[in-house]
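Descriptive structure summary
Single-letter residue listing:
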There are 2 protein chains.
Amino acid sequence: MSGDWLDQLAWDSRGLVPAIAQDEQSGEVLMMAWMNRDALEQTLARGEAVYWSRSRQRLWHKGETSGHVQVVADIRLDCDGDTILLKVHQKGGMACHTGRAHCFYQQLKGDSWQTVEPVLKDPDEIYPGMS
Amino acid sequence: MSGDWLDQLAWDSRGLVPAIAQDEQSGEVLMMAWMNRDALEQTLARGEAVYWSRSRQRLWHKGETSGHVQVVADIRLDCDGDTILLKVHQKGGMACHTGRAHCFYQQLKGDSWQTVEPVLKDPDEIYPGMS
């Protein structure tokens, strides 16, 4: 019966669902990415978050370059079966490629977006030789 | 310069972005829905979450029927500009139309999804005359 649990998701027309990663300890919402069937299956198998990169059109083992792997503690599905919530331990304390703890660092103040979270590590150090 | 802040989002081909609602106090991720430009603008104007209902193809003021309105405390945008995070006060203590506190009540155990959160209120009482 392997794969039945994957059939229960309401994959969109591209075969994807949004996946939210939340820090299991702080509760902070770290990022949102996308998963296809393979990505979710590999996430379960590895115990680490694997997404589908829409820009690169390939599986993306989060942290494969930076080391900022997400160790998965809990996998949840919503009422409609079309969104995944992962509770994770974020290695390195950084989920965002900008070197911030999480990706939601722009806050709406009045009618403009302002950056309200510090860069913890220079992206050039996170991804050496990539810029 | 009204509307500039809305132009900074990376709306998808349907003119939508995913919007995550998180309880501002408990940190619990309540639900994920979609917003178009009007929905986000109205969310700011009302101070309550307004989404775009893809099934009904209309603006959806969350709680309009149930009273389970989401009072918005903070609006965040991610690094790519394509996902919104709302921190909200959830009126009635229930975000899910199933009568649960939040929508992510199915947990992956082994290779099956199991319901792990209780129904707090019968949906027939939340939406009288609708079933």
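Residues numbered from 1 in each chain as written. Chains lettered and ligands numbered in written order. Predicted model: local features only at pLDDT ≥ 70, side-chain atom pairs only at ≥ 80, totals over all residues.

When helices and strands are tallied, chain A shows 3 helices and 8 strands. Start at the N end of chain A and walk to the C end: the helices and strands fall as α-β-β-α-β-β-β-β-β-β-α. What you see for chain A is a C-alpha radius of gyration of 15 Å, in line with the 14 Å of a compact globule of 131 residues. Its C-alpha atoms put chain A at 45 × 40 × 30 Å along the principal axes. Looking at chain A as a whole, 37% of its 131 residues are labelled buried. If you take every contact in chain A between residues at least 6 apart in sequence, the share linking residues at least 24 apart comes to 41%. (Helix = DSSP H or I, 4+ residues; strand = E, 2+ residues; numbered from the N terminus. Rg over C-alpha atoms; globule rule 2.2 N^0.38 Å. Buried ≥ 20, exposed ≤ 12 C-beta atoms within 10 Å, placed from the backbone. Contact = placed C-beta atoms within 7 Å.)

Strands in a sheet are paired, the pairing made by backbone hydrogen bonds, and the direction either parallel or antiparallel. On the basis of which strands lie adjacent, the open sheet formed by 6 strands has the order S2(A)-S1(A)-S6(A)-S5(A)-S7(B)-S8(B) and mixed pairing. Looking at which strands have only one partner, the edges of the open sheet turn out to be strand S2 (29-35) of chain A together with strand S8 (112-115) of chain B. Between one strand axis and the next, the sheet turns through 35 degrees on average, direction left out of account. Pairing between strand S5 (residues 70-77) of chain A and strand S6 (residues 84-90) of chain A: 7 bridges, direction antiparallel. Along S6(A), the bridge assignment pairs Ile75(A) with Leu86(A). (Pairing = 2+ DSSP bridges. Axes fitted to C-alpha atoms, helices over the stretch in contact; angles between N-to-C directions.)

Moving on to the confidence of the model for chain A. Taken over all residues, the pLDDT of chain A has a mean of 95, while the share at 70 or more is 98%. Across the assembled chains, the prediction reports ipTM 0.95 with pTM 0.96. (pLDDT = per-residue confidence, 0-100.)

As a further point, take helix H2 (residues 37-46) of chain A. All names here are of chain A. For H2, the set of buried residues is Ala 39, Leu 40 and Thr 43. Projected down its long axis, H2 shows its buried positions confined to an angular sector of 95 degrees, all on one face. Where the residues of H2 are buried, they touch helix H1 (4-7), S2, strand S3 (50-53), strand S4 (58-61), S5 and S6. Positive phi appears at Gly 47, one or two residues downstream of H2, with a value of about 75 degrees. (Arc of directions from axis to C-beta.)

What follows concerns the relation of the copies chain A and chain B. Under the fitted operation, chain A is carried onto chain B by 0.0 Å of movement along the axis and a turn of 180 degrees, and the coordinates agree to an RMSD of 0.0 Å. In short, the pair behaves as if placed about a two-fold rotation axis. Taking C-alpha positions as reference, the residue of chain A nearest the rotation axis is Gly27(A), located at 2.7 Å. Same-surface contact between copies: 100% of interface residues of chain A are shared with the interface of chain B. (Least-squares fit on C-alpha atoms with pLDDT ≥ 70 in both.)

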